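Listed below are the residues making up each chain.
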Amino acid sequence: MSTLGDAMTGGEPIRRYGDGTRCVRAGLPPAVPGHPLRPGPVFAAPFHLDPVAGPQPGLDDYARYNHPTSRDLEAAIGELEGGDCLLFGSGMAAVSGALLTFARPGSTVLVPSDGYYATRRFVETTLADLGVTVVTVPTAGPYPALGDPVLDHCSLILLETPANPGLDVCDIATLAALGRAAGALVAVDNTTATPLGQQPLALGADLSIASATKAMTGHSDLLLGYVCCLRPDAGRPDGDVLGRLRTWRRATGAIAGAFEVWLAHRSLATLDLRLARQEANARALTEVLLAHPVVTSVRWPGHPDDPAAAIARRQMSRMPGLVTFTLPDKPAVDRLLTASRLITAATSFGGLHTCADRRAQWGDDTAEGLVRLSCGIEDPDDLVTDLSEALAAAGRSAD
Ligand SMILES: *Cc1c(COP(=O)(O)O)cnc(C)c1O
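Nothing here was measured: the structure is a model prediction, and the numbers come from that model.

What counts, and at which threshold
- All residue numbers refer to positions counted from 1 along the written sequence of the respective chain.
- Totals for whole chains, interfaces and linings use all residues, but because this is a predicted model, local features are given only for residues with pLDDT of at least 70 and pairs of side-chain atoms are given and counted only at 80 or more.
- Processing note: side-chain calculations cover all non-hydrogen atoms of the structure and skip hydrogens and water entirely.
- Strand pairing follows a simple DSSP-based rule, namely that at least 2 bridges must link the two strands.
- Strands here mean DSSP runs of E at least two residues long; helices mean DSSP runs of H or I at least four residues long; both are numbered from the N terminus.
- Contact criterion: two residues are considered in contact whenever any of their non-hydrogen atoms come within 4.5 Å of each other.
- Between the N-to-C directions of two axes lies an angle of 0 to 180 degrees, each axis being a line fitted to C-alpha atoms and, for a helix, fitted only over the stretch in contact.
- Criterion for a disulfide: a pair of cysteine sulfur atoms within 2.5 Å.
- Each residue's exposure class comes from its accessible area (1.4 Å probe, protein chains only) as a fraction of the maximum for that residue type: buried when under 20%, exposed when over 50%, partly exposed otherwise.
- pLDDT measures how confident the predictor is about each residue, on a scale from 0 to 100.
- Residues adjacent in sequence count toward polar contacts only when both atoms are side-chain atoms; beyond that, a polar contact is any pair of N or O atoms within 3.5 Å, and within protein one must be able to donate a hydrogen and the other to accept it.
- We define a salt bridge as a side-chain nitrogen of Lys or Arg found within 4 Å of a carboxyl oxygen belonging to Asp or Glu.
- Centre distance within 6.5 Å is the pairing criterion for rings of Phe, Tyr and Trp, where only the six-membered ring of Trp is used; planes under 30 degrees apart are then read as stacked, over 60 as edge-to-face, and the remainder as tilted.
- The rule for a charge over a ring is simple: NZ of Lys or CZ of Arg within 6 Å of the ring centre, and within 35 degrees of the ring normal.

Attention now goes to the sheet that holds strand S9 (residues 322–326). Overall, mixed pairing links the 5 strands, which are arranged S8-S9-S12-S11-S10 in an open sheet. Whereas interior strands pair on both sides, the edge strands pair on one side only; in this sheet they are strand S8 (296–299) and strand S10 (344–345). With 2 bridges connecting them, S8 and S9 associate as antiparallel partners. Across the sheet, Thr296 pairs through a bridge with Thr326, a residue of S9. Running at roughly 10° to S9, helix H10 (residues 271–291) makes contact with S8, S9 and strand S12 (370–374) of the sheet. This element, helix H12 (residues 330–339), spans S9, S10, strand S11 (355–358) and S12 of the sheet and lies at about 165° to S11.

See the structure below:
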């Protein structure tokens, strides 16, 4: 596999470079005169086989198993997460693939009670129907202690931090140690933080899973997911985690197509810039929200007064562009979104455009007036002015 070190310096360690450099260079093949800086997507289902020797190790044969465009982006995301990466067709294909591969029937899995609602729904239906006992724990805890019978037959602990949409944070290193002691794999949904914000594998987790649909690619134009695990040579007792996931992906056909993958790799180059502006916008808009009397329960882990601030500062290197807050009711949210010119009503998050999503409309069990605000890359002053005006409208009574 090509590494950033190989591509840039002939093998020097990647950590010498800053985030911006790593994002621009990650996964690029070595420079070859006359070739493009980044290869185009390779569109193929079957590839030529040797007519006599048939399929050969190291040569592509069928794109459901693997394809060159996917390998380039896997190398890039693997560099950023500090592990080996497998791409999936969406975040849910990655999450469900990992859960169905590693949550054994008859065992217990621990999942966040306040995490991504589609994941919760999946474990409570499909996984439970397969004979997996599902135990839910809020992201902020309390978690069972070692020796608690709940951990006796635990095969997997899934963490989501910061959790979507409540933005609570948990201590990955402590829970990874707990999982290891209990003989359970620990997976972290790293969608909200991205690998530039948080390094679950370095903190001790076995798997870092994410939807690359969100901030990682950030242009609101594709669906993609991935699972990363530690390299086998990292000296950890992982077993063949990557191999089992690869077998799963091949059997279920959950691989991503070449065009999405290529587009994602193009977008990855600006991740550092996008996250920096989104964080700055989140910081500015959090202050506006905190100062407005109609708003309650503002959550942004980057704010010093946020309940998650201390852990977030310890384990995250940057803060997400997401802010969650609550207005009194649905009509107040309607007034906010109708009055705003720069906050687009849309789900998903991490994109270029500032968007707001009233989570209860999707069946998420949140307050009717809870809004997840995804800060885009517009100018902070424009967003501050727009949100201030929209909040004034939201605060006006309907009559
Ligand atoms: C969106 C999301 C997913 C699912 O990703 P898709 O790409 O939409 O399938 C999983 N986890 C979290 C935290 C998410 O926000």
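Right, let's talk about the state of the cysteines for a bit. Formally, a disulfide is one covalent bond, and it connects the sulfur atom of one cysteine to the sulfur atom of another. One pass over the structure, following the stated rule, counts 0 disulfides. Cys228 provides the cysteine sulfur closest to Cys85, a residue in no disulfide bond, and the two sulfurs are 3.9 Å apart. We classify Cys85 as buried; its relative accessible area is 6%. The closest cysteine sulfur to the non-disulfide-bonded Cys170 is located on Cys154, 14 Å from its own sulfur.

Below, the discussion takes up the confidence of the model for the protein chain. Looking at the protein chain as a whole, its pLDDT mean stands at 94, while 94% of the residues score no less than 70. Per-residue pLDDT stays below 50 along residues 5–11; that stretch engages in 11 contacts with residues further than four places along the chain or on separate chains.

Time to look at the side chain of Ser155. Looking at where Ser155 falls in the secondary structure, it is placed in strand S4 (residues 154–160). A distance of 3.5 Å separates a polar side-chain atom of Ser155 from the backbone nitrogen of Arg104. In this structure Ser155 touches Phe102, Ala103, Arg104, Ser107, Thr108, Val109, Ala184 and Leu185, once residues within four positions along its chain are discounted.

Our next topic: the pattern of salt bridges. The full count for this structure, using the stated rule, is 18 salt bridges. Note that Arg318 and Asp19 form a salt bridge whose closest N and O atoms lie 2.6 Å from each other. Here the residue Arg318 occupies a position in the loop between helix H11 (309–315) and S9, and Asp19 occupies one in helix H2 (residues 19–25), the gap between them amounting to 299 residues. Between Asp168 and Arg299 there is a salt bridge, with the nearest N and O atoms lying 2.9 Å from each other. Here the residue Asp168 occupies a position in the loop between S4 and helix H6 (172–182), and Arg299 occupies one in strand S8, the gap between them amounting to 131 residues. Assigned by exposure class, Asp168 and Arg299 land together as buried.

A complete count under the given rule lists 3 aromatic pairs for this structure. Aromatic pair Tyr62 and Tyr65: ring centres 5.5 Å apart, planes at 70°, arrangement edge-to-face. For Tyr65, a relative accessible area of 26% puts it in the partly exposed group. The positively charged end of Lys214 is found above the aromatic ring belonging to Tyr116, 5.0 Å away from the centroid. One residue, Arg250, lies across the ring of Tyr65, its end atom 3.5 Å from the ring centre.

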